[in-house]
Amino acid sequence: MFKKVLIANRGEIALRVIRTCKEMGIKTVAVYSKADADSLHVRFADEAVCIGPAASSESYLSIPNIISAAEITNADAIHPGYGFLSENSKFSRICAEHGIKFIGASADQIDKMGDKATAKETMKEAGVPCVPGSEGIMATFEHAVKTAKEIGYPVMIKATAGGGGKGMRAVPSEDHLQDAWDSARREAAASFGNDAMYMEKLILEPRHIEIQVVGDRYGKACHLSERDCSIQRRHQKLVEETPSPFMTDKLRKKMGNAAVKAAEYIAYEGAGTVEFLVDKDRNFYFMEMNTRIQVEHPITEQVVGFDLIREQIKVAAGEPISGKNYFPEMHSIEVRINAEDAFNDFRPCPGKIVSFHAPGGHGVRLDTHCYSGYIIPPYYDSMIAKLIVTARTREESLEKLARALDEFIIEGIKTTIPFHQQLLKNEDFRKGVYTTKFMEDFELVHPE
Ligand code: MV4
């Protein structure tokens, strides 16, 4: 087992990893930017190294600075958390070259899944259901016209370097194809320096349902059931829950088996997530595979009863997995509390938290790095807490969530708590009837 793990991240996930390391008797090293000197991850780690100025590009994204910090402190592994360098194949490779275990996917696996057209072709080979579409990249506009004719409109063109919605266009008919093609390529070139495109049949009003998987270095993988992440706004998830209100036992088995097949086909090592689109008839299609621990992992931990960070560390250290799949026995829901003004287009609101009181009680978990007096810096993302509630049924979870949101006090900045309180009153949400289109139609009432 590792003796010392460096956490190449900040905020709640850095704290989350430190907590598990402590429980496992592993020493921890925090890294921090000048803007994060007063952060709790710095305080709770055994050692802390300043790795640069506030800008992420010169601190949390600086590979030389982080590798130096690991070498100076003699860390034998690095946990990258989510975001930042967690899916950076160059970083994974450099860690390996320095004899530091990267607690995440290998460089090859990151590259394979990071290029979406390659990922899709790989999954087709593995026998995982995929949306009908082009075979790999379309080199020319003429090729796109021909492919769209074959699969039938509406279609979607997607940047192979994309993900998170950038370089992606829904195309209702042929007369829109030229504009969509030009603008998607321009956006992809500007965002990723890669304008290669592939095409799929457009799935109307899909649900986003993902399967958590864990694989070991002996080629074995298992799944830990699903998370429904359909409540999103501009590709930012707002709420996640498990089980999905749309799930059936039969579909869970099918999707779980497909996700395990996906992971085993690429000999996936570590914790990963296979994302699917699910249509109204419960057909499911591979969308992307995330080769990192995700923000919403706690709801899975709550319903299957184990610590996913511990699993990541164990498989990274070479332990085999049990090979058993896990099915939820409880219901868990997470809401992301962001420092944003929900009534002003979710505009970020960094600043000082004057007063902070965390909700608690039975079935309530709060993953956060915030406290009274903490100043949220403007340089990083605006998520400040994850409120996770768990109960025997969805109805009880919703009751608990309303109660926990009511006792959550954050003063000094605007947060998305009022948004979540209104969401909980929405009839469709309460019934569990929602798709990825939900937020487009949701009308927030401005408080007077
Ligand atoms: C789609 C789709 C409909 N049909 N693909 C959005 C992010 C990127 N990872 C894939 N996405 C989508 N791909 C086909 N063939 C609809 C979306 C989509 C979406 C997916 C999941 C969650 C929210 C979404 C919001 C808009 C569009």
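Residues numbered from 1 in each chain as written. Predicted model: local features only at pLDDT ≥ 70, side-chain atom pairs only at ≥ 80, totals over all residues. Heavy atoms only, no water.

1. Remarks on the overall build of the chain
Counting secondary structure elements, the chain contains 15 helices and 24 strands. Relative to its length of 448 residues, the chain is compact, with a C-alpha radius of gyration of 22 Å against a globular reference of 22 Å. Seen through its principal axes, the chain has C-alpha atoms that stretch 60 × 60 × 45 Å. Among the 448 residues that make up the chain, the fraction classed as buried is 58%. For the chain, contacts bridging at least 24 residues in sequence account for 65% of all contacts bridging at least 6. Looking at charge distribution, the chain has the averaged site of its 56 positive side-chain charges lying 3 Å from that of its 64 negative ones. (Helix = DSSP H or I, 4+ residues; strand = E, 2+ residues; numbered from the N terminus. Rg over C-alpha atoms; globule rule 2.2 N^0.38 Å. Buried < 20%, exposed > 50% of the residue type's maximum accessible area, 1.4 Å probe, protein only. Contact = heavy atoms within 4.5 Å. Lys, Arg positive; Asp, Glu negative; His and termini not counted. Charge placed at Lys NZ, Arg CZ, Asp CG, Glu CD.)

2. Remarks on the sheet that holds strand β1 (residues 4-7)
Spatial ordering of the open sheet is given by β3-β2-β1-β4-β5, a layout of five strands whose pairing is parallel. On the outer flanks of this sheet lie β3 (47-52) and β5 (101-102), each paired with one strand and no other. Relative to strand β2 (residues 27-33), β1 is paired through four bridges, and the arrangement is parallel. For Ile7, the partnering residue across the bridge sits in β2 and is Ala30. (Pairing = 2+ DSSP bridges.)

3. Things to note about the sheet that holds strand β6 (residues 155-163)
Strands sit in the order β7-β6-β8 across an open sheet of three strands; the sheet is antiparallel. What marks the edges here is a single partner per strand, and that holds for β7 (166-171) and β8 (197-201). Between one strand axis and the next, the sheet turns by 25° as a mean value, whatever way the strands run. The sheet contact formed by β6 and β8 spans five bridges and is antiparallel. (Axes fitted to C-alpha atoms, helices over the stretch in contact; angles between N-to-C directions.)

4. Observations concerning the state of the cysteines
As enumerated under the stated definition, the model contains zero disulfides in all. Cys349 provides the cysteine sulfur closest to Cys370, a residue in no disulfide bond, and the two sulfurs are 14 Å apart. Looking at Cys370, the relative accessible area reads 6%, which means it is buried. (Disulfide = S-S within 2.5 Å.)

5. Describing the nonpolar core
Judged by nonpolar contacts, the single largest core of 53 residues is most densely connected at Leu6, Ile78, Phe91, Met255, Phe276 and Phe286. By residue number, the principal contributor to this core is helix α9 (residues 249-265), which donates seven residues. Among the nonpolar cores identified, the runner-up in size contains 36 residues, and Ala342, Tyr374, Ile384 and Ala385 belong to it. (Core = buried A, V, L, I, M, F, W, Y, C linked by side-chain atoms within 4.5 Å.)

6. Thoughts on the side chain of Glu288
Note that Glu288 resides in strand β15 (residues 284-290). Glu288 gets classed as buried once you look at its relative accessible area, which sits at 16%. With residues near it in sequence (within four places) discarded, Glu288 still touches Lys116, Gly163, Gly164, Thr273, Val274 and Glu275.

7. A word on the domain arrangement of the chain
Partitioning the chain into domains gives domain 1 (4-103), domain 2 (132-201) and domain 3 (207-441). Placing the centre of domain 1 and that of domain 2 at their C-alpha centroids yields a distance of 37 Å. (Domains from an automatic or database assignment.)

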